[in-house]
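Residue strings, one per chain:
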Amino acid sequence: MFLSSSFEDNFNQRAPIGIFDSGVGGLTVLRQVYRQLPNESIIYFGDTARLPYGIRSQAEILQFVGEILTWMEQQRVKLVIMACNTSSALALEKVRVEFSVPILGTILPGAKAAVACGKRIGVIATPATAKSNAFRHAIHEIDPNVQVWQVGCPEFVPLIEQNRIHDPYTAEVARSYLEPLLEQDIDTLVYGCTHYPHLAPVLRSLLPNGVKLVDPAVHVVVACAQELDLLGLKNTHSPTPTRFAVSGCPQQFASTSVQWLGCVPKVEVVDFASAVSHLWCD
Ligand SMILES: N[C@H](CCC(=O)O)C(=O)O
């Protein structure tokens, strides 16, 4: 009895954390896991055949997230981080009751951090996240006196996935998205999409010095560390190498992500029925 329960504890602690996003955005969360939880093993999934998520309906997001979580459970992960604000805004509450694995989203940790920073908060997000008002609701639950402005930024994710971060056109687009927020004299800006911290140098150069930037990736990983402690699931052993998987073209993902990972990742393909993966490899 004692032996088998201790074996099971060890197995659970050593089990990987699942992290998923539509593409390379979740790497901003992965980077935080490497910093804050260096002993954890990770399985990273990017649903690249079906991105961008930010222009999808809630029904589509629920279907995709359901498929990904089913796959994650098959990989025997001990916890999942939805490293995607769009999924967190549109699907987290619903899937949490359907799946037994603990699932963390980015909205609440991001909202808490924003409220701790300022009183005039701007949120840049995908159109679906902005339309859902998820950040506004979460912030007002904590402090109804804080003012919140949200801007949907449809062009950012395609530009980042196409590796056009340093393209002057990207800076032009960023300027137009920030303009209505700067007109409101915001004191805090939330990256309401996990892709956007990849644009940090561009965005920083367009913001007045006093505006604080909030990256929910930092705070969802703080919440993850607390959850693992609470569940007794923190890994005290050495981690295994990160496994990367995508639904689209593995070479495309590898070549875009190398700049953030510092090495070319080996990338597996997961074939979901409705994913049209050939689009990205042609
Ligand atoms: N990075 C994701 C998804 C972006 C997209 O695919 O549109 C998010 O935080 O919302």
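Residues numbered from 1 in each chain as written. Predicted model: local features only at pLDDT ≥ 70, side-chain atom pairs only at ≥ 80, totals over all residues. Heavy atoms only, no water.

The chain goes by Glutamate racemase in an unreviewed UniProt entry, where it is assigned to Iningainema tapete BLCC-T55. What the UniProt record of the chain gives under Catalytic activity (unreviewed entry) is the line "L-glutamate = D-glutamate". (UniProt positions renumbered as here; feature names shortened; annotations may be inferred.)

### Describing the sheet that holds strand 2 (residues 42–46)
Pairing within the open sheet is parallel, and its 6 strands lie in the order 4-3-1-2-9-10. Both edges of this open sheet fall to strand 4 (103–104) and strand 10 (267–269), since each of them pairs with a single strand only. Taken together, the 4 bridges between strand 2 and strand 9 (residues 243–246) define a ladder with parallel strand orientation. In the sheet register, Ile43 faces strand 9, and the bridge partner there is Arg243. Seen against the sheet, helix 12 (residues 216–231) touches strand 1 (17–21), strand 3 (79–82) and strand 4 and runs at an angle of roughly 165° to strand 3. (Pairing = 2+ DSSP bridges. Helix = DSSP H or I, 4+ residues; strand = E, 2+ residues; numbered from the N terminus. Contact = heavy atoms within 4.5 Å. Axes fitted to C-alpha atoms, helices over the stretch in contact; angles between N-to-C directions.)

### Concerning the site of the ligand
Lining the immediate surroundings of the ligand are 13 residues, of which Ser22, Tyr53, Asn85, Thr86 and His195 lie closest. Within the side chain of Ser22, one N or O atom sits 2.6 Å away from an oxygen atom of the ligand. Tyr53 is positioned with one of its backbone polar atoms (N or O) 2.7 Å from an oxygen atom of the ligand. A total of 300 Å² of accessible area belongs to the ligand in isolation, and the protein chains cover 99% of it. (Near = heavy atom within 4 Å. Polar contact = N/O pair within 3.5 Å; in protein donor to acceptor, adjacent residues only side chain to side chain. Areas by Shrake-Rupley, 256 points an atom, 1.4 Å probe, with all protein chains shown as cover.)

### Examining the nonpolar core
Membership of the largest hydrophobic core comes to 51 residues, with the highest contact counts inside it found for Ile19, Ile81, Ile124, Phe156 and Tyr196. Counting residues per element, this core draws most heavily on helix 12, which supplies 6 residues. Beyond its immediate stretch of four places on either side in the chain, Ile124 contacts Val151, Cys153, Phe156, Leu178, Leu181, Leu189, Val190, Tyr191, Gly192, Cys193, Tyr196 and Leu203. Listed in part, the 26 residues of the second largest apolar core include Phe20, Val77, Val80 and Ile103. (Core = buried A, V, L, I, M, F, W, Y, C linked by side-chain atoms within 4.5 Å. Buried < 20%, exposed > 50% of the residue type's maximum accessible area, 1.4 Å probe, protein only.)

### Re the UniProt feature "binding site: substrate" (unreviewed entry) in the chain
Within this numbering scheme, the UniProt entry marks Asp21, Ser22, Tyr53, Gly54, Asn85, Thr86, Thr194 and His195 as carrying the feature "binding site: substrate" (unreviewed entry). Look at the named residues: they lie 175 residues apart in sequence, but the longest C-alpha span between them is just 11.8 Å, so in the fold they bunch up. Among the annotated residues just listed, those lining the largest cavity are Asp21, Ser22, Tyr53, Gly54, Asn85, Thr86, Thr194 and His195. Assessed through its relative accessible area of 4%, Ser22 is described here as buried. Ignoring sequence-local partners within four residues, the contact set of Ser22 consists of Gly46, Asp47, Thr48, Leu51, Tyr53 and His195. Along the chain, Tyr53 turns up in the loop between strand 2 and helix 3 (58–74). For Tyr53, a relative accessible area of 1% puts it in the buried group. (1 Å grid on protein atoms, 1.4 Å probe; cavity = no way out; pocket = protein on both sides within 12 Å on 5 of 7 lines; lining within 4 Å.)

### Concerning the side chain of Thr86
Mapped onto the elements, Thr86 comes out in helix 4 (residues 85–90). The exposure class assigned to Thr86 is buried, which follows from its relative accessible area of 4%. Each residue touching Thr86, except ones within four places of it in the same chain, is listed here: Tyr53, Gly54, Ile61, Thr126, Ala128 and Thr129.

### Brief notes about the state of the cysteines
As enumerated under the stated definition, the model contains 0 disulfides in all. Cysteine Cys84 is unpaired, with the sulfur of Cys193 as its nearest cysteine sulfur at 7.1 Å. Cys84 sits in the buried class, given a relative accessible area of 3%. (Disulfide = S-S within 2.5 Å.)

### Considerations on the sheet that holds strand 6 (residues 147–152)
Through backbone hydrogen bonds, the strands of a sheet pair up, either in parallel or in antiparallel fashion. Read from one edge of the open sheet, 4 strands run 6-5-7-8, paired in parallel fashion. Each edge of the sheet is formed by a strand with only one pairing partner; in this case those strands are strand 6 and strand 8 (212–214). Mean inter-strand twist for the sheet, computed between neighbouring axes without regard to direction, equals 20°. Strand direction decides the pairing type here: strand 7 (residues 188–192) and strand 8, joined by 3 bridges, are parallel.

### Focus: the side chain of Asp21
Looking at the element boundaries, Asp21 is found in strand 1. From its side chain, Asp21 meets the backbone nitrogen of Gly23 in a polar contact 3.1 Å long. At a separation of 3.1 Å, a polar atom in the side chain of Asp21 contacts the main-chain amide nitrogen of Gly26. Not counting chain neighbours up to four residues away, the residues in contact with Asp21 comprise Gly26, Tyr44, Phe45, Gly46, Asp47, Ala83, Cys84, Thr194 and His195.

### Overview of the UniProt feature "active site" (unreviewed entry) in the chain
With numbering matched to this structure, UniProt assigns "active site" (unreviewed entry) to Cys84 and Cys193. In terms of the greatest pairwise C-alpha distance, the residues named above, spread along 110 residues, form a tight cluster of at most 6.6 Å across. As for the annotated residues named above, the ones lining the largest cavity are Cys84 and Cys193. Within the secondary structure layout, Cys84 lies in the loop between strand 3 and helix 4.

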